[in-house]
Amino acid sequence: MHDQPPHMTARPDNVVVVLLDSLNRHDLGCYGSKDFETPNIDRFALRSTRFTRHVTGSLPCMPARHDILCGSLDFLWRPWGSIELWEQPITANLRAADVTTMLVTDHPHLFETGGENYHTDFGGWDYVRGHEGDPWKTWLDPSWIGVPAPPAERGDWFLRRRFGDAVPPISRAYDTTRTHFREEIDFPGPRTMSASAAWLGEAARVAGDRRWMLFVDEFDPHEPFDTPAPWTGRYEDEPWHGDRLIWPPYVVGGISGGHLSVAEGRHIRANYGAKLTMIDHWFGRLLDQLDSTGLWETTAVIVCTDHGHYLGDKRNTTAGSMVASGPVERVDLWGKPLVPQFEPLGHVPLLIHWPGVAAGGTCDALTTAVDLHATLADVFGVTPTHRTHGHSLVPLLTGESRHIRDWAIGGVFGNWVQVTDGRRKYARAPEGDNLPLSMWSNRWSTMPVHAKGLVELPPPDERAYLDCMPGTRIPVIRQPYQAGDALPFWVGRAHSGQHHLYDVDDDPEELENRVGEAGEQEMIDLLHEALRAVQAPVEHLTRLGLTKP
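Residues numbered from 1 in each chain as written. Predicted model: local features only at pLDDT ≥ 70, side-chain atom pairs only at ≥ 80, totals over all residues. Heavy atoms only, no water.

Draft legend 1. Highlighting the sheet that holds strand E6 (residues 212-218). Read from one edge of the open sheet, eight strands run E5-E4-E6-E1-E8-E13-E2-E14, paired in mixed fashion. Only two strands of the sheet have a single neighbouring strand rather than two, namely strand E5 (124-127) and strand E14 (361-368). Averaged over all pairs of adjacent strands, the angle between their axes in this sheet comes to 15°, without regard to strand direction. Alignment of strand E1 (residues 14-20) against E6, held across six bridges, turns out to be parallel. (Pairing = 2+ DSSP bridges. Helix = DSSP H or I, 4+ residues; strand = E, 2+ residues; numbered from the N terminus. Axes fitted to C-alpha atoms, helices over the stretch in contact; angles between N-to-C directions.)

In structure tokens form, the structure reads like this:
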């Protein structure tokens with residue numbers, strides 16, 4: 001074990017982080033599910049601490065990775081973007097501390113505008129090509145005969161169904177790439193896990209006393225929910241006829257709104273389960289490598305995600321639980337539509353193996369994504385140079401503490417802002433026209449959509465001015481928005497005044513919205529406290545209707 005100052009509890013020499021994108025907590029066996037098979041994640045849980053109150057912060061994909069790699073909440077200042085001038089990822093700190101770092105990933109957002117500089121401070125990186133929107137192959141393979149990737153509907157099938165010719169052409173690169181696969185190992189997830197396991201074997205042989213961190217950013221089980229035999233069709237209740245639906249819709253009220261049939265909904269959920277079980281199988285290769293090399297003795301292993309994925313989960317998306325005629329109808333949610341972060345998406349799994357700590361334990365403390373950054377900094381003894389918002393999980397893992405935070409906040413830029421104390425969860429919607437609102441960035445990017453004719457992010461204009469982020473004197477472009485402006489992607493569709501408050505211990509299905517009860521004011525006060533603590537722009541209090549007279 002690496003030498004530690006006498007006042008510190010011993011830290012592991014090395015860390016492996018495995019981020020499985022869109023990993024649903026409630027679909028894992030180790031969290032009580034019986035729907036899908038996850039034997040290797042469950043196997044890992046048996047030698048880990050299982051966290052029960054881990055919640056999302058900034059969303060969706062790249063903002064969540066910013067929380068983890070940079071340690072500072074992103075969603076209150078911008079919708080999606082690269083690492084900014086005033087901040088550094090944990091990998092820059094580790095490079096300065098002579099820690100070897102490696103990224104193995106098939107996550108395409110890391111290599112396109114809006115995520116293009118998260119990999120650059122890793123000591124090495126391996127980009128496994130071909131997932132989702134990665135423009136890897138130019139042409140369909142003319143020799144493809146429908147195996148191992150079975151015939152599937154195009155990525156824009158659902159939008160074409162709903163809106164017909166009004167839908168602009170949308171490029172889904174994977175629709176081309178999948179025709180080039182010839183066996184299971186050709187799929188991106190299996191290749192990523194195989195490369196990660198190989199790197200671990202090399203580290204065990206040659207690293208010696210040099211400390212290291214391996215970060216595996218695996219995009220599975222994120223869509224497309226595409227799998228070969230023996231996984232495809234594994235969870236079908238009945239035979240599926242026709243092209244498979246590997247691209248899930250993003251919609252509120254898919255079945256209840258008449259946009260999906262019940263059979264299609266079952267099929268899409270089954271395809272997610274097949275993808276989950278397939279990547280679980282290949283995750284087992286990484287665990288096997290840890291077994292054979294004996295690295296468990298010196299290496300912390302963290303399994304986490306960025307968020308969950310709605311697969312027909314039913315929720316009330318309006319304010320209140322009752323109307324004059326009775327209970328409000330709950331609608332089925334699919335993908336990541338702009339609704340509050342209900343439990344299926346916002347309450348996420350976290351499993352950590354920590355050398356020297358008894359296996360199979362449970363931690364009920366409230367934690368969130370930025371705490372993973374603080375934990376990595378703690379393990380390797382480095383100090384961030386920019387303002388961060390996390391608390392190290394080490395005291396929870398070692399039993400030195402049972403509590404590290406009183407609240408956690410999260411959300412999507414320009415939409416609901418959520419706060420939780422671990423039991424109660426409050427999602428505050430905008431009031432009125434969702435203004436004032438500003439975007440703060442010097443890199444000016446958002447999630448690429450690849451839709452012809454769609455402006456993803458309007459450039460700053462003459463109203464923009466220079467400001468400073470909390471904790472830095474480096475100027476940042478601040479663009480204010482007004483009514484009628486084109487807004488960044490993801491913004492502007494939160495339902496005015498539709499707040500949500502749930503006691504998720506007593507009501508995990510979020511059946512009873514307690515907005516209007518006495519406890520709402522307590523959560524408003526907690527939200528005020530949290531926004532002050534992170535020095536969020538004051539304009540959020542105004543747009544959320546929280547400005548005190």
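Draft legend 2. Spatial organisation of the nonpolar core. One finds Val 15, Phe 215, Ile 302 and Leu 393 to be the most contacted residues of the largest nonpolar core, which totals 55 residues. Not counting residues within four places of it along the chain, the set of residues in contact with Ile 302 comprises Val 15, Val 16, Val 17, Val 18, Leu 350, Leu 351, Ile 352, Leu 372 and Leu 376. Ala 45, Tyr 174, Trp 296 and Val 303 belong to the second-largest nonpolar core, a separate cluster that totals 54 residues. (Core = buried A, V, L, I, M, F, W, Y, C linked by side-chain atoms within 4.5 Å. Buried < 20%, exposed > 50% of the residue type's maximum accessible area, 1.4 Å probe, protein only. Contact = heavy atoms within 4.5 Å.)

Draft legend 3. Layout of the sheet that holds strand E21 (residues 500-503). Reading across the sheet, the five strands line up as E3-E15-E16-E17-E21 and stay open at both edges, with mixed pairing between neighbours. The strands lining the two open edges of the sheet, one partner per strand, are strand E3 (58-59) and E21. In this structure, strand E16 (residues 417-420) lies alongside strand E17 (residues 424-428), joined through four bridges in antiparallel fashion. Note on E17: the bridge partner recorded for Gln 418 is Ala 427. The sheet strands contacting helix H11 (residues 519-533) are strand E15 (408-412), E16, E17 and E21, and the helix crosses E17 at an angle near 75°.

Draft legend 4. Inspection of helix H6 (residues 188-206) at higher detail. Along its 19 residues, H6 runs 27 Å from first to last C-alpha, staying within 8% of the 27 Å computed at 1.5 Å per residue. If you check which residues of H6 are buried, you get Pro 188, Gly 189, Pro 190, Thr 192, Met 193, Ser 196, Ala 197, Trp 199, Leu 200, Gly 201 and Ala 203. On its buried side, H6 packs onto E1, strand E4 (100-105), E6 and helix H7 (262-293). Positive backbone phi, approximately 60°, marks Gly 208, located one or two places after H6. (Expected span 1.5 Å × (residues − 1).)

Draft legend 5. A look at unusual backbone geometry. Note the cis peptide between Leu 59 and Pro 60, where omega equals 0°. Relative to the helices and strands, Pro 60 resides in the loop between E3 and helix H2 (61-70). Each neighbour pair has its own omega, and for Asp 220 with Pro 221 the value is 5°, a cis peptide bond. Relative to the helices and strands, Pro 221 is located in the loop between E6 and strand E7 (251-252). For Gln 535, which is not glycine, the phi dihedral falls at a positive 55°. Among the structural elements, Gln 535 can be located in the loop between H11 and helix H12 (539-543).

Draft legend 6. Representation of the side chain of Ser 33 in the model. Here Ser 33 is to be found in the loop between E1 and helix H1 (39-45). Its relative accessible area of 11% is what places Ser 33 among the buried residues. Within the local environment of Ser 33, its side chain forms a polar contact with the backbone oxygen of His 26, the two atoms lying 3.4 Å apart. (Polar contact = N/O pair within 3.5 Å; in protein donor to acceptor, adjacent residues only side chain to side chain.)

Draft legend 7. How the structure looks around the pattern of salt bridges. For the structure on display, the rule yields 44 salt bridges. Across the pair Asp 217 and Arg 65 runs a salt bridge, and its minimum N-O distance is 2.7 Å. Taken together, the residues span a long stretch of sequence, with Asp 217 in strand E6 and Arg 65 in helix H2 at a distance of 152 residues. Its relative accessible area of 1% is what places Asp 217 among the buried residues. A residue is classified by how much of its surface remains accessible, and Arg 65, at 1% relative accessible area, is buried. For Glu 343, the salt bridge goes to Lys 425, with nearest N and O atoms at 3.0 Å. In this pair, Glu 343 is assigned in helix H8 (residues 343-346) and Lys 425 in strand E17, connecting sequence segments 82 residues apart. Relative accessible area serves as the criterion here: at 13%, Glu 343 is assigned to the buried category. (Salt bridge = Lys/Arg side-chain N within 4 Å of Asp/Glu carboxyl O.)

Draft legend 8. Focus on the confidence of the model for the protein chain. Taken as a whole, the protein chain shows an average pLDDT of 94; of its residues, 95% reach a score of 70 or greater. Per-element confidence in the protein chain is highest for E1, whose mean pLDDT is 99, and lowest for strand E10 (residues 322-323), whose mean pLDDT is 48. Note that pLDDT drops below 50 for residues 1-8; the model gives that stretch twelve contacts with residues more than four away or on any other chain. (pLDDT = per-residue confidence, 0-100.)

Draft legend 9. Representation of the packing of H2 against helix H9 (residues 370-380). The geometry of H2 relative to H9 is characterised by a closest axis approach of 6 Å and an angle of 25° between their N-to-C directions. By the angle between their directions, the pair H2 and H9 is classed as roughly parallel. Crossing hand, H2 versus H9: right-handed. Between H2 and H9, the contacting residues are Asp 67, Ile 68, Leu 69 and Cys 70 on the first element and Val 370, Leu 372 and His 373 on the second. In terms of residue class, the contact of H2 with H9 is built from five nonpolar, one polar and one charged. (Parallel < 35°, antiparallel > 145°, perpendicular 65-115°, else oblique. Left-handed = near helix turned anticlockwise from the far one by under 90°. Nonpolar A, V, L, I, M, F, W, Y, C, P; charged D, E, K, R; others polar.)

Draft legend 10. Inspection of the packing of H6 against H7 at higher detail. Two elements in contact, H6 and H7, have axes separated by 9 Å at closest approach and are oriented at 5°. By the criterion of interaxial angle, the relationship of H6 to H7 is roughly parallel. Counted together, Gly 189, Pro 190, Met 193, Ser 194, Ser 196, Ala 197, Ala 198, Leu 200, Gly 201 and Ala 204 of H6 and Met 278, Ile 279, Trp 282, Phe 283, Arg 285, Leu 286, Gln 289, Leu 290 and Thr 293 of H7 form the full contact between these two elements. Here the contact of H6 with H7 is built from residues that sort into twelve nonpolar, six polar and one charged.

Draft legend 11. Seen up close, the packing of aromatic side chains. This model, assessed by the stated rule, comprises 14 aromatic pairs. Pairing Phe 36 with Tyr 235 gives two aromatic rings, centres 4.9 Å apart and planes at 65°, and the pair type is edge-to-face. Placement of Phe 36 in the loop between E1 and H1 and of Tyr 235 in the loop between E6 and E7 is noted, with a sequence separation of 199 residues between them. Of the two residues, Phe 36 and Tyr 235, neither departs from the other in class, the shared state being buried. For the pair Phe 181 and Phe 187, a centre-to-centre distance of 4.6 Å together with 45° between the ring planes defines the contact as tilted. Side by side, Phe 181 and Phe 187 carry an identical accessibility label, which is buried. Put simply, the rings of Phe 36, Phe 225, Tyr 235 and Tyr 272 touch in pairs and so form one group of aromatic residues. Residue placement shows Arg 50 over the ring face of Tyr 31; its charged tip is 5.2 Å from the ring centre. (Phe/Tyr/Trp six-rings, centres within 6.5 Å; stacked < 30°, edge-to-face > 60°. Lys NZ or Arg CZ within 6 Å of the ring centre and 35° of its normal.)

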